[in-house]
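The residues making up each chain are set out below.
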Amino acid sequence: MQKYADYIRQIEIDSLWSGRKHIVWQLDPHVNILSGINGVGKSTILNKIFRSVCTNGDLKNHLIKGVHITAEPEDATHVRFDIIRSLDSPVLDMDTMNLVDSRITSALDFQLYHLQRKYLDYQVNIGNRIIVALQEGHADAAQELSKAKTRFQDIVDDLFEETGKKIVRTENEIRFSQIGETLVPYQLSSGEKQMLAILLTVLVEDNQPYVLFMDEPEVSLHIEWQKRLIELIMELNPQVQIILTTHSPAVIMNGWVDNVTEVSDITV
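Residues numbered from 1 in each chain as written. Predicted model: local features only at pLDDT ≥ 70, side-chain atom pairs only at ≥ 80, totals over all residues. Heavy atoms only, no water.

What follows is about the sheet that holds strand S8 (residues 181–183). Taken in spatial order, the three strands make up an open sheet running S6-S7-S8, and their pairing is antiparallel. Each edge of the open sheet is held by one strand with a lone partner, namely strand S6 (166–167) and S8. In this sheet, S8 lies alongside strand S7 (residues 176–178) in antiparallel orientation, the contact comprising three bridges. Paired with Phe176 across the bridge in S8 is Leu183. (Pairing = 2+ DSSP bridges. Helix = DSSP H or I, 4+ residues; strand = E, 2+ residues; numbered from the N terminus.)

What follows is about the sheet that holds strand S2 (residues 21–26). Strand order in this open sheet of three strands is S2-S1-S4, and the pairing throughout is antiparallel. Every interior strand has two partners, whereas the edge strands, S2 and strand S4 (67–72), have only one. With strand direction ignored, the average angle separating the axes of adjacent strands in the sheet is 10°. Relative to S4, strand S1 (residues 7–16) runs antiparallel, the two sharing six bridges. When the bridges of S4 are listed, Ile11 appears paired with Ile69. On top of the sheet, helix H1 (residues 42–52) reaches S1, S2 and S4; it is set at about 115° to S1, its chief contact. (Axes fitted to C-alpha atoms, helices over the stretch in contact; angles between N-to-C directions. Contact = heavy atoms within 4.5 Å.)

For the rest of this paragraph, the subject is the side chain of Thr245. Within the fold, Thr245 resides in strand S10 (residues 240–245). Within polar-contact distance, the side chain of Thr245 engages the side chain of Asp215 at 2.6 Å. Contacts of Thr245, omitting those with residues within four sequence positions, involve Leu34, Lys42, Ser43, Leu46, Met214, Asp215, Glu216, Pro217 and Glu218. (Polar contact = N/O pair within 3.5 Å; in protein donor to acceptor, adjacent residues only side chain to side chain.)

With 14 residues, helix H7 (residues 223–236) ought to run about 20 Å at 1.5 Å a step, and its terminal C-alpha atoms sit 20 Å apart, in line with that. If you look at H7, its biggest bend is around 45°, right at Leu229. Every buried residue belonging to H7 is among Trp225, Gln226, Lys227, Leu229, Ile230, Leu232, Ile233, Met234 and Leu236, and all of these are buried. Taken together, the buried residues of H7 touch strand S3 (31–35), helix H5 (147–159), helix H6 (190–203), strand S9 (210–215) and S10. (Expected span 1.5 Å × (residues − 1). Bend = angle between axes of the 7 residues up to and from the residue. Buried < 20%, exposed > 50% of the residue type's maximum accessible area, 1.4 Å probe, protein only.)

Under the counting rule described, the total for this entry stands at six aromatic pairs. With a centroid separation of 5.7 Å and an interplanar angle of 25°, the aromatic rings of Phe160 and Trp225 are classed as stacked. One end of the pair, Phe160, is in the loop between H5 and S6; the other, Trp225, is in helix H7, and 65 residues separate them in sequence. As far as burial versus exposure is concerned, Phe160 and Trp225 are alike and both buried. Taken together, Phe50, Phe81 and Phe213 form an aromatic cluster joined through their ring pairs. Here the basic side chain of Arg80 rests over the ring of Tyr4, its NZ or CZ set 3.9 Å away from the ring centre. (Phe/Tyr/Trp six-rings, centres within 6.5 Å; stacked < 30°, edge-to-face > 60°. Lys NZ or Arg CZ within 6 Å of the ring centre and 35° of its normal.)

What follows covers the pattern of salt bridges. With the rule as written, the count across this model stands at 14 salt bridges. With a shortest N-O distance of 3.0 Å, Lys165 and Glu192 are connected by a salt bridge. Here Glu192 lies in helix H6 and Lys165 lies in the loop between H5 and S6, a separation of 27 residues in the sequence. For Glu192, a relative accessible area of 6% corresponds to the buried category. Between Glu224 and Lys227 there is a salt bridge; the shortest N-O distance is 3.3 Å. With a gap of three residues between them, Glu224 and Lys227 both fall in helix H7, about one helical turn apart. Look at Glu224 and you get partly exposed, because its relative accessible area is 38%. Here the salt bridges share partners, and the residues they tie into one network are Arg9, Glu72 and Glu74. (Salt bridge = Lys/Arg side-chain N within 4 Å of Asp/Glu carboxyl O.)

All right, on to the pairing of S10 then. Here S10 lies mainly inside the structure; six of its six residues are buried. Residues Val240, Ile242 and Leu244 of S10 are buried on one face, and the alternating residues Gln241, Ile243 and Thr245, pointing to the opposite face, are buried as well. Sheet analysis places S3 next to S10, joined by four bridges and oriented parallel. Within the sheet, the bridge partner assigned to Ile33 lies in S10 and is Leu244. Of the strand pairs in this sheet, S9 and S10 are connected by six bridges, and their pairing is parallel. Directly across from Phe213, in S10, lies its bridge partner Ile243. Note on the crossover from S9 through H7 to S10: the handedness is right-handed. (Right-handed = clockwise from strand over helix to strand, strands pointing away.)

Okay, structure coming up:
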């Protein structure tokens, strides 16, 4: 039977770069920020960790040999996870994408397309639980269930306020109104798409414990958004464990300095 981890406690990599380096990283249950100069191995480490659990989050049968993950609790067999990458590269197979949605032109667009589907499923699940709560006479519980989605919408409206964009709250899929026009997520700027993808990813995990990997998420984000990034993620899901790489001082500016680990500090 699958037993999901609350968080990852330790990551050990036997051989980074053909055995020249050994990595041992003790992780905080909530926020972990890996820092270092270009070329020191931040993204390599993150990719090895991610790839080791990328088959259904299986902790016991790692695809990548030499990567050892210790979870909490120790008898956990799987971990829920997501990954956010900063590179918004063009979609290579445009013919296939046109069959999905002709407005998709980049990898980030495609990620948003999948997140829209998850967002619809999330709303159905929340709606069903609200109905059950109301039928059982638990009006307070029903109201509590709707708070995360409402808070997500409020956060996005606040972030996009300067451009006049607001989420259309009567729609099940995410749409934006702007000066009388209706926009789909693919019409947003790169920074807006990036922030929307991050917040949606967190929301649709439905307040479950899980690990969010982010490789330089600050790319394309305004400095004020970089400052708020971690706190907004934690607000939408206090049970998330964040593991990220960054070059930006702004990401750690709002009280996360003690959660920064230099690659040299975990290299043996």
